[in-house]
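The primary structure of each chain is shown beneath.
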Amino acid sequence: MSDSIVFSVADDAVATVSINEPDTRNALSLAVMNELIDTLAEVGRRTDVRAVILATAGHVFSSGHDLKEIRGAELESQQETFAVCSRLMQLIQSIPQPVIAQVQGVATAAGCQLVASCDLAVAAQSARFATPGVKIGLFCSTPMVALTRAVPAKTAMRMLLTGDFLSAADALTFGLVSDVVADDELEMASVELARKVASASSATVAIGKAGFYEQRDLPVADAYAHMSEVMARNAVAADAQEGIDAFLGRRQPQWQHRG
């Protein structure tokens, strides 16, 4: 791992993965995206991590793709860039641990896509979000995939067609972020939320996270059929039985963090 990605795990089973490229406004270069993929894939295999904070250095969350890489590149290189980006966004949602974006400053284009792809997002009150590719002739088509699954259609289309910024307050209203806090409380609020997530059974959370994305785009009848089977299997798992026993016995559960 290079200095572009900083990774640490705290005693509370919360990992922090940080993009450390403030000089480029934390642009998602091909190298940065590949390192993020490697790091998050490692996190997904670890049993000592139950929640992940995705943060960045400096005053900007992420300005999106590195336009210096895109300018003048041949089609094959362009295809690789956007394929790697798509792989990164899907990986965030496929690892078992919930990923929480910690957003300061602006998150634009693929940076906004990164926020929309995370399971939760805590934004500073002054944070802003935009998909401004249309202004430079490069429509935010891949960011659109995550954006349209996070916010209402008209909100997404307005962002995509105008490139206008969405405030943190509006991002909360429309569902792009889950929490908005004072700027000086951003890190503390992100850690508190991550600790709350990490306090649950990691086995149960992994079942729930996977199920959320599996059922989301299914027809209602298919979603109920699939989730009924998932919930039945969850119910006979060790941590579910422990949780039920603890609730009925009015005590704190002792998680084994396994199915």
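Data block above holds the structure.
Residues numbered from 1 in each chain as written. Predicted model: local features only at pLDDT ≥ 70, side-chain atom pairs only at ≥ 80, totals over all residues. Heavy atoms only, no water.

K.L.:
Looking at this structure, I do not really get helix H6 (residues 153-162). What am I missing?
P.N.:
The set of residues buried in H6 consists of Thr155, Ala156, Met159 and Leu160. Take H6 and look down its axis: the buried residues cluster within an arc of 125 degrees, on one side only. In H6, the exposed positions angled more than 90 degrees off the buried face are occupied by Ala153, Lys154, Arg158 and Leu161. On the buried face of H6, the contacting elements are helix H4 (110-117), strand E7 (128-130), helix H5 (141-148), strand E8 (166-167) and helix H7 (168-174). (Buried < 20%, exposed > 50% of the residue type's maximum accessible area, 1.4 Å probe, protein only. Helix = DSSP H or I, 4+ residues; strand = E, 2+ residues; numbered from the N terminus. Arc of directions from axis to C-beta. Contact = heavy atoms within 4.5 Å.)

K.L.:
Would you explain the sheet that holds E7 in this entry?
P.N.:
Sheet strands pair via backbone hydrogen bonds, and the direction of the pair is either parallel or antiparallel. One open sheet holds the three strands; their spatial order is E5-E7-E8, and the pairing between them is mixed. Each end of this open sheet is capped by a strand with a single partner; those strands are strand E5 (106-108) and E8. The sheet contact formed by E5 and E7 spans three bridges and is parallel. Bridged to Thr108 within E7 is Ala130. Together, E5 and E7 form the strand contacts of H4, whose direction differs from that of E5 by roughly 100 degrees. (Pairing = 2+ DSSP bridges. Axes fitted to C-alpha atoms, helices over the stretch in contact; angles between N-to-C directions.)

K.L.:
Can you walk me through unusual backbone geometry in this structure?
P.N.:
What you tend to see is this: most non-glycine residues have negative phi, and most peptide bonds are trans. Even without being a glycine, Asn26 presents a positive backbone phi close to 50 degrees. Tracing the backbone through its elements, the reader meets Asn26 in the loop between strand E2 (14-19) and helix H1 (30-45). Residue class for Asn26 comes out buried when judged on its relative accessible area of 0%. The phi dihedral of Ala109 is positive, around 55 degrees, even though this residue is not glycine. Assignment of secondary structure puts Ala109 in the loop between E5 and H4.

K.L.:
Hey, could you run me through the environment of Leu36 in this one?
P.N.:
Residue placement: Leu36 occurs in helix H1. Taking the relative accessible area as the measure of exposure, Leu36 reaches 0% and is therefore buried. Separated by 146 residues in the primary sequence, Leu36 and Ala182 have C-alpha atoms spaced 28 Å apart. Residue contacts for Leu36: discarding those within four places in its chain leaves Ile5, Val17, Ile19, Leu54 and Leu88.

K.L.:
Which parts of the structure should I look at to understand the sheet that holds strand E4 (residues 99-103)?
P.N.:
Judged by pairing direction, the sheet is mixed, and its six strands sit side by side in the order E1-E2-E3-E4-E6-E9 without closing on themselves. Since the sheet does not close on itself, it has two edges, and those belong to strand E1 (5-9) and strand E9 (179-181), each with one partner. Each strand of the sheet is rotated relative to its neighbour by a mean of 20 degrees, with strand direction disregarded. Set on the sheet, H1 makes contact with E1, E2 and strand E3 (51-56); between it and E1 the angle comes to about 15 degrees.

K.L.:
Explain the packing of H1 against helix H3 (residues 75-94) here, please?
P.N.:
If you want to describe how two helices pack, look at the angle between their axes and the distance between the axes. Interhelical geometry of H1 versus H3 gives an angle of 30 degrees and a closest axis separation of 10 Å. It follows that H1 is roughly parallel to H3 by the angle criterion. As for the relative orientation of H1 and H3, their crossing is left-handed in sense. Seen from H1, the contacting residues are Leu30, Met33, Asn34, Leu36, Ile37, Leu40 and Ala41; seen from H3, they are Glu80, Thr81, Val84, Cys85, Arg87, Leu88, Leu91 and Ile92. For the contact of H1 with H3, the class distribution of residues is 11 nonpolar, two polar and two charged. (Parallel < 35°, antiparallel > 145°, perpendicular 65-115°, else oblique. Left-handed = near helix turned anticlockwise from the far one by under 90°. Nonpolar A, V, L, I, M, F, W, Y, C, P; charged D, E, K, R; others polar.)

Nothing here speaks to function; it is geometry throughout.
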